[in-house]
Amino acid sequence: DQQVKQNSPSLSVQEGRISILNCDYTNSMFDYFLWYKKYPAEGPTFLISISSIKDKNEDGRFTVFLNKSAKHLSLHIVPSQPGDSAVYFCAASNNRKLIWGLGTSLAVNP
Amino acid sequence: EAGVVQSPRYKIIEKKQPVAFWCNPISGHNTLYWYLQNLGQGPELLIRYENEEAVDDSQLPKDRFSAERLKGVDSTLKIQPAELGDSAVYLCASSFSGPNTEAFFGQGTRLTVV
């Protein structure tokens with residue numbers, strides 16, 4: 001039973017446009033959410049996080065939105081760049097235990 | 001500042017053989033994690049250490065897997081004996097202690113059991 005779901009296995013976006021990656025979760029006890037980016041043959045790299053007491057967190061081109069009532073979060077990348085092409089993982093934390101989604105592979109086309 | 005260092009990067013062994021992975025976390029990080037990642041999946045926690053204490057090893061298959069973190073710094077993860085299904089990427093990560101802290105990952109060790 002997937003507690004953290006990333007329903008889109010892949011996403012293709014044109015350079016300069018917005019990329020929106022979605023994540024849904026089922027456990028209302030999750031209190032911290034993170035996005036990681038992963039290139040092939042490398043470990044995941046932390047991108048951005050959000051606490052459950054907030055609904056938005058922004059860092060440069062990356063913004064994470066949290067809708068607690070819908071148990072949904074999204075990562076927006078604006079503008080998208082070819083170097084953003086990677087697999088993006090959503091992860092949710094409850095009492096220091098991280099539960100990961102399956103990832104969404106983003107391709108940003110020049 | 002050096003990141004999380006893992007070795008080896010790649011390992012190919014025959015089934016039933018033992019194998020060990022090594023991890024050196026970021027200096028100052030008290031929390032150390034070992035994850036397993038299969039192709040097309042997210043990382044799955046095997047064990048979490050706070051200093052030298054294993055505080056969450058509920059997902060570690062203890063019949064064949066073992067881990068240690070002597071002196072609360074470096075850590076090793078061992079599989080003995082390895083099975084075909086153990087082929088995966090083994091990731092080590094570290095973080096500061098406390099809630100809501102992000103973990104930093106090493107490059108992983110890709111294990112192939114033949």
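It should be emphasised that the depicted structure is a prediction, and the values quoted were computed from it without experimental measurement.

Draft legend 1. Main features of the sheet that holds strand E7 (residues 62–67) of chain A. Residue and element names in this part refer to chain A. With antiparallel pairing, the 5 strands of this open sheet are ordered in space as E1-E3-E8-E7-E6. Unpaired on one side and paired on the other, strand E1 (4–5) and strand E6 (56–59) mark the two borders of the sheet. In this structure, E7 lies alongside strand E8 (residues 72–77), joined through 6 bridges in antiparallel fashion. What sits directly across from Thr63, in E8, is His76.

Draft legend 2. How the structure looks around the interface of chain A and chain B. The interface of chain A with chain B comprises 18 residues on the first partner and 27 residues on the second. For the pair chain A and chain B, the summed buried surface comes to about 1,600 Å²; carbon and sulfur atoms form 50% of the total. A per-residue breakdown of the area chain A buries against chain B is headed by A:Arg96, A:Lys97 and A:Trp100, which together make up 37% of the total. Where chain A meets chain B, there are 1 salt bridge. The shortest N-O distance in the salt bridge between B:Asp56 and A:Lys97 comes to 3.1 Å. Looking at the side of chain A that touches chain B, the elements that each hand over two or more residues are strand E4 (32–38) and strand E10 (97–100) of chain A. Top contributing element to the side of chain A that touches chain B by residue count: E4(A), with 4 residues. When grouped by side-chain class, the residues that make up the side of chain A that touches chain B number 10 nonpolar, 3 polar and 5 charged.

Draft legend 3. Region of the structure containing the side chain of A:Ser80. Residue and element names in this part refer to chain A. Examined against the element boundaries, Ser80 turns out to sit in the loop between E8 and strand E9 (86–94). Classification of Ser80 as buried rests on a relative accessible area of 1%. Side-chain polar atoms of Ser80 contact the backbone oxygen of Ile77, separated by 3.4 Å. Those residues in contact with Ser80 that sit more than four places away from it in its chain are Val13, Gln14, Glu15, Gly16, Arg17, Ile18, Ser19, Arg61 and Val108.

Cut-offs applied
- Residues numbered from 1 in each chain as written.
- Chains lettered and ligands numbered in written order.
- Predicted model: local features only at pLDDT ≥ 70, side-chain atom pairs only at ≥ 80, totals over all residues.
- Heavy atoms only, no water.
- Pairing = 2+ DSSP bridges.
- Helix = DSSP H or I, 4+ residues; strand = E, 2+ residues; numbered from the N terminus.
- Contact = heavy atoms within 4.5 Å.
- Buried area = accessible area lost by both parts, 1.4 Å probe.
- Salt bridge = Lys/Arg side-chain N within 4 Å of Asp/Glu carboxyl O.
- Nonpolar A, V, L, I, M, F, W, Y, C, P; charged D, E, K, R; others polar.
- Buried < 20%, exposed > 50% of the residue type's maximum accessible area, 1.4 Å probe, protein only.
- Polar contact = N/O pair within 3.5 Å; in protein donor to acceptor, adjacent residues only side chain to side chain.

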